[in-house]
Amino acid sequence: MDVDFENLALAEQVLARQKGHAEAIQAHLKTYATLDNQDLGLILQLFRPINDAILWAGDNVVSLSSQVFEAGARKMGETRQTYEEAERAAYEASASVAKKMGMTVPPYAPPSKPTLGAPKEDAGTFYCYDNENIFSRAFKDGASAREWVEGTADRIAGRVEDGLSGTRTVIETHDVRSYLPTPNASEPEIKNVRWEAGVILGGVDWLFEQLFGYSLLAEVTKPFAGNWTRIGEASISWKHSGDAITAVGENVAGLCPPMASWTGKGSEAFLVVAALASKAHIALQGPAEAVSTMISKLAEVSKMIAKLILKQLKIIQRELLILAAQAAVPVAGWVVAAADTVRKVQVIVDVVRAIYKLLETIYDFVAGTIQAKTQVVDAAFHMVDLYEALVRAAAARVFA
């Protein structure tokens, strides 16, 4: 039997840290991925229950992840304590025999408990460097690539050195918190819809209201009255959370090589469960990326349609300006009498219908995400089942 007390102590600390990381991921999602009615505005209200369902599933998964690591750290501590008590009993039994033989034996000295050091790697300098300027993005990509190449070379060299060494010391591979910076979402162009539409229609919206009984300016800009920066932050936060939970999985996987030399009771169960937990965490990156992309595309589609609507508004403005110039008699008089007015009104009606059709396109896009993203929620429920199994069964025996 081969038991490395120091590695057992360090492994307990690694598992305890992952519990804290899981809680940090959970808090990150709650803070930045939660979208309320005010954030979404009228046009994306249909997305609210979808986002809430996905966020609920993600919250449960990360919460159960925290519980698994809490149980794992506790069991690892209990296992180390059991080994220590067994060693103490064996030592005292030997000391008793030695004393009867007239030998002087020092009292039992418990094994030391080293403190886990800082993580070996982090997300990198430019992980959350967001800038719309293409030259700044090029600098970021180039610098990140250089940083990755240099870091990879160091990691490969370190792996070779570790592989050739006689013993391996438990470390924490990734700084998970470095993957959870405050999302820096640049406000998209859609923020300009309200005031730009106001510039287009501001002087002649009164005429539209005389013709149709309502303000087109209020009607068209109302659906875009959301907090689009918050929507961007929600997209980024899912990406960050996916990267962070992957880092958690790699931290657990990193326990396997140094703990492989442990051949005492519970060692094989530990390696199996560590591998399962690692794989389960890394697999979560896919759904998180999918949600991030979905929210990002939703904002992009809305922005594109907003631009199309602005073009339509310019057509309406032109027709209304002509009508206003022609209005030499009370409104009722020239609406009935002027054939050109009738034609222009029909043009305006057709354009307004086209605008409503564009708005319906966004609703259709949101509705389409319901079916597509049920797979994300289903995957989350599978994770819930897995974690429940780990907590109820494997985690209860893993370090026994």
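Residues numbered from 1 in each chain as written. Predicted model: local features only at pLDDT ≥ 70, side-chain atom pairs only at ≥ 80, totals over all residues. Heavy atoms only, no water.

Some points on the overall build of the protein chain
Turning to step 1, where the next piece is worked out: What the protein chain contains, in helices and strands, is 13 helices and zero strands.
Turning to step 2, where the next piece is worked out: Put simply, the protein chain runs from its N terminus to its C terminus through helices and strands in the order α-α-α-α-α-α-α-α-α-α-α-α-α.
Turning to step 3, where the next piece is worked out: Taken over 400 residues, the protein chain has a buried fraction of 42%.
Turning to step 4, where the next piece is worked out: Contacts in the protein chain between residues far apart in sequence, at least 24 positions, make up 87% of those at least 6 positions apart.
Turning to step 5, where the next piece is worked out: Surface exposure of the protein chain reaches about 20300 Å², of which carbon and sulfur atoms provide 58%. (Helix = DSSP H or I, 4+ residues; strand = E, 2+ residues; numbered from the N terminus. Buried < 20%, exposed > 50% of the residue type's maximum accessible area, 1.4 Å probe, protein only. Contact = heavy atoms within 4.5 Å. Areas by Shrake-Rupley, 256 points an atom, 1.4 Å probe, with all protein chains shown as cover.)

Points about helix α6 (residues 205-212)
Turning to step 1, where the next piece is worked out: All of the buried residues along α6 are Asp205, Leu207 and Phe208. Projection of α6 onto a plane perpendicular to its axis shows the buried side chains occupying an angular sector of 155°, all on one side.
Turning to step 2, where the next piece is worked out: Just downstream of α6, Gly213 is the residue with a positive phi angle, here 90°. (Arc of directions from axis to C-beta.)

Overview of the side chain of Glu319
Turning to step 1, where the next piece is worked out: Within the element layout of this structure, Glu319 appears in helix α11 (residues 285-326).
Turning to step 2, where the next piece is worked out: Residue classification places Glu319 among the buried positions, given a relative accessible area of 7%.
Turning to step 3, where the next piece is worked out: Among all residues touching Glu319, those that are not within four sequence positions of it are Arg343, Lys344, Val347 and Ile348.

Some points on the packing of aromatic side chains
Turning to step 1, where the next piece is worked out: A full pass over the atoms with the stated rule returns six aromatic pairs.
Turning to step 2, where the next piece is worked out: Taking 4.5 Å as the distance between ring centres and 35° as the angle between the ring planes, the aromatic pair formed by Phe208 and Phe212 counts as tilted. In this pair, Phe208 and Phe212 are both assigned in helix α6, four residues apart and thus about one turn of the helix distant.
Turning to step 3, where the next piece is worked out: For Phe208, a relative accessible area of 1% puts it in the buried group.
Turning to step 4, where the next piece is worked out: On the accessibility criterion, Phe212 (28% relative accessible area) is partly exposed.
Turning to step 5, where the next piece is worked out: By the ring-pair criterion, three or more aromatic residues cluster together here, those being Tyr83, Trp262 and Phe270. (Phe/Tyr/Trp six-rings, centres within 6.5 Å; stacked < 30°, edge-to-face > 60°.)

Looking at the packing of helix α3 (residues 47-100) against helix α8 (residues 228-253)
Turning to step 1, where the next piece is worked out: Contact geometry for α3 and α8: axes closest at 13 Å, N-to-C directions at 20°. With respect to α8, the element α3 is oriented roughly parallel. Pair α3 / α8 crosses with left-handed handedness. Contacts between α3 and α8 pair Asn51, Ile54, Leu55, Val62 and Phe69 from the former with Trp238, Ile245, Val248 and Val252 from the latter.
Turning to step 2, where the next piece is worked out: Tallied by class, the residues present in the contact of α3 with α8 amount to eight nonpolar, one polar and no charged. (Axes fitted to C-alpha atoms, helices over the stretch in contact; angles between N-to-C directions. Parallel < 35°, antiparallel > 145°, perpendicular 65-115°, else oblique. Left-handed = near helix turned anticlockwise from the far one by under 90°. Nonpolar A, V, L, I, M, F, W, Y, C, P; charged D, E, K, R; others polar.)

Topic: a nonpolar patch on the surface
Turning to step 1, where the next piece is worked out: On the surface, Leu42, Leu46 and Tyr363 cluster together into a nonpolar patch covering about 230 Å² of accessible area.
Turning to step 2, where the next piece is worked out: Counting through the fold element by element, Tyr363 comes out in helix α13 (residues 339-397).
Turning to step 3, where the next piece is worked out: Residue classification places Tyr363 among the partly exposed positions, given a relative accessible area of 31%. (Patch = residues over 30% accessible without salt bridge, like charges linked within 9 Å, V, L, I, M, F, W, Y side chains within 5 Å. Salt bridge = Lys/Arg side-chain N within 4 Å of Asp/Glu carboxyl O.)

Things to note about helix α1 (residues 5-32)
Turning to step 1, where the next piece is worked out: Taking 1.5 Å of rise per residue, 28 residues should cover 40 Å, and α1 covers 41 Å from first to last C-alpha, within 8% of that figure.
Turning to step 2, where the next piece is worked out: One side-chain oxygen at the N-terminal end of α1 lies 3.1 Å from the backbone nitrogen of Glu6; it belongs to Asp4. (Expected span 1.5 Å × (residues − 1). Polar contact = N/O pair within 3.5 Å; in protein donor to acceptor, adjacent residues only side chain to side chain.)

Digging into the environment of Ala277
Turning to step 1, where the next piece is worked out: Of note, Ala277 is situated in helix α10 (residues 267-283).
Turning to step 2, where the next piece is worked out: Placed 212 residues apart in sequence, Ala277 and Ser65 show a C-alpha to C-alpha distance of 8.7 Å.

Brief notes about the confidence of the model for the protein chain
Turning to step 1, where the next piece is worked out: Of the residues in the protein chain, 76% have a pLDDT of 70 or more, and the chain-wide mean is 78.
Turning to step 2, where the next piece is worked out: In the model, residues 394-400 has pLDDT below 50 throughout and makes 21 contacts with residues more than four positions away in sequence or in other chains. (pLDDT = per-residue confidence, 0-100.)

A few points about the nonpolar core
Turning to step 1, where the next piece is worked out: Counting 46 residues, the largest nonpolar core has Leu44, Phe47, Trp238, Ile309, Leu313, Ile316 and Leu320 as the members making the most contacts within it.
Turning to step 2, where the next piece is worked out: When residues of this core are traced back to their parent elements, those giving at least two are α3, α5 (193-201), α6, α7 (216-221), α8, α11 and α13.
Turning to step 3, where the next piece is worked out: Of the residues forming this core, the biggest block, 15 residues, is contributed by α11.
Turning to step 4, where the next piece is worked out: Not counting chain neighbours up to four residues away, the residues in contact with Trp238 comprise Leu29, Ala33, Asn51, Ile54, Leu55, Ala288, Val291, Ser292 and Ile295. (Core = buried A, V, L, I, M, F, W, Y, C linked by side-chain atoms within 4.5 Å.)

Considerations on the packing of α1 against α3
Turning to step 1, where the next piece is worked out: At their nearest, the axes of α1 and α3 sit 8 Å apart, and the two run at 165° to each other. Judged on the interaxial angle alone, α3 and α1 are roughly antiparallel. Where α1 crosses over α3, the handedness of that crossing is left-handed.

Quick notes on the pattern of salt bridges
Between side chains of opposite charge, a pair can form when the charged atoms approach closely.
Turning to step 1, where the next piece is worked out: Considering all chains together, one arrives at 13 salt bridges under this definition.
Turning to step 2, where the next piece is worked out: In this structure, the salt-bridge partner of Glu84 is Arg80, at a minimum N-O distance of 3.5 Å. Here Glu84 pairs with Arg80, and both are found in helix α3, just four residues apart, close to one helical turn.
Turning to step 3, where the next piece is worked out: Under the relative-accessibility criterion, Glu84 is labelled buried at 9%.
Turning to step 4, where the next piece is worked out: The salt bridge involving Lys303 is made with Glu300; its shortest N-O contact spans 3.4 Å.

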